[in-house]
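# Working through the structure, step by step
What follows is each chain in one-letter form.
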Amino acid sequence: MGVFNRMWTWLGLEGEEVVREEYVSLPGNVEDSQKSVPNVVSIHSNKTMKVVVCEPDSFEEVQVLADHLKSRKQLILNFENTQPDEARRIIDFISGTTYALEGNSQQLGKNIFVFAPNNVEIAKDHRALIRKPGLLNPFGGER
């Protein structure tokens, strides 16, 4: 260390170190190196999840309902005021649409169903599984 460097250090005006970064390019095609850039995906890409609640009256409404699923919205369908044969046709059509979109469906009540696209997982409550007769509870019964 020279005299001037000690003086600058004593005054607190120490010289800045220059850090040099070197990138080594491996032999290969330039196009391959551009393709290796990782994809960046935003965590908050789907900030608002929409749920559509509907009480369909007739089969003519199914195309609109299927379009909601295609646009990644959840459907809750209430068939309490729908004729049973119309409700069956609507459920069959929307179930097929949900299957084609790799989504999920679940019956919530006697006449209420939820249909969700593949970006939404429908989780069952473990207590509901115990209430039904089966392996864990062979006698069934309500709680």
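In what follows, the structure referred to is the one given above.
Calculation rules
- Residues numbered from 1 in each chain as written.
- Predicted model: local features only at pLDDT ≥ 70, side-chain atom pairs only at ≥ 80, totals over all residues.
- Heavy atoms only, no water.
- Salt bridge = Lys/Arg side-chain N within 4 Å of Asp/Glu carboxyl O.
- Helix = DSSP H or I, 4+ residues; strand = E, 2+ residues; numbered from the N terminus.
- Buried < 20%, exposed > 50% of the residue type's maximum accessible area, 1.4 Å probe, protein only.
- Arc of directions from axis to C-beta.
- Contact = heavy atoms within 4.5 Å.

Here we take up the pattern of salt bridges. Under the counting rule described, the total for this entry stands at 2 salt bridges. A salt bridge links Glu86 to Arg89; its shortest N-O distance comes to 3.9 Å. One end of the pair is Glu86 and the other is Arg89, both in helix H4 (residues 84-100) and 3 residues apart, which spans about a single turn. Glu86 sits in the buried class, given a relative accessible area of 18%. Of the charged contacts in the structure, one is a salt bridge between Arg88 and Asp92, with a shortest N-O distance of 3.1 Å. Placement of the pair is Arg88 and Asp92 together in helix H4, with a separation of 4 residues, close to one helical turn. By relative accessible area, which is 47% here, Arg88 ends up partly exposed. Overall, the relative accessible area of 45% leaves Asp92 in the partly exposed class.

Let's shift gears to helix H3 (residues 62-70). Buried residues of H3: Val62, Leu65, Ala66 and Leu69, and no others. Buried residues along H3 cover an arc of 100° about the axis, so they all sit on one side. Of the exposed residues in H3, those oriented more than 90 degrees away from the buried face are Gln63, Val64 and Lys70. Packed against the buried residues of H3 are strand S1 (51-54), strand S2 (74-78), H4 and strand S4 (112-116). Trailing H3 by a residue or two, Arg72 shows a phi angle of about 65°, which is positive.

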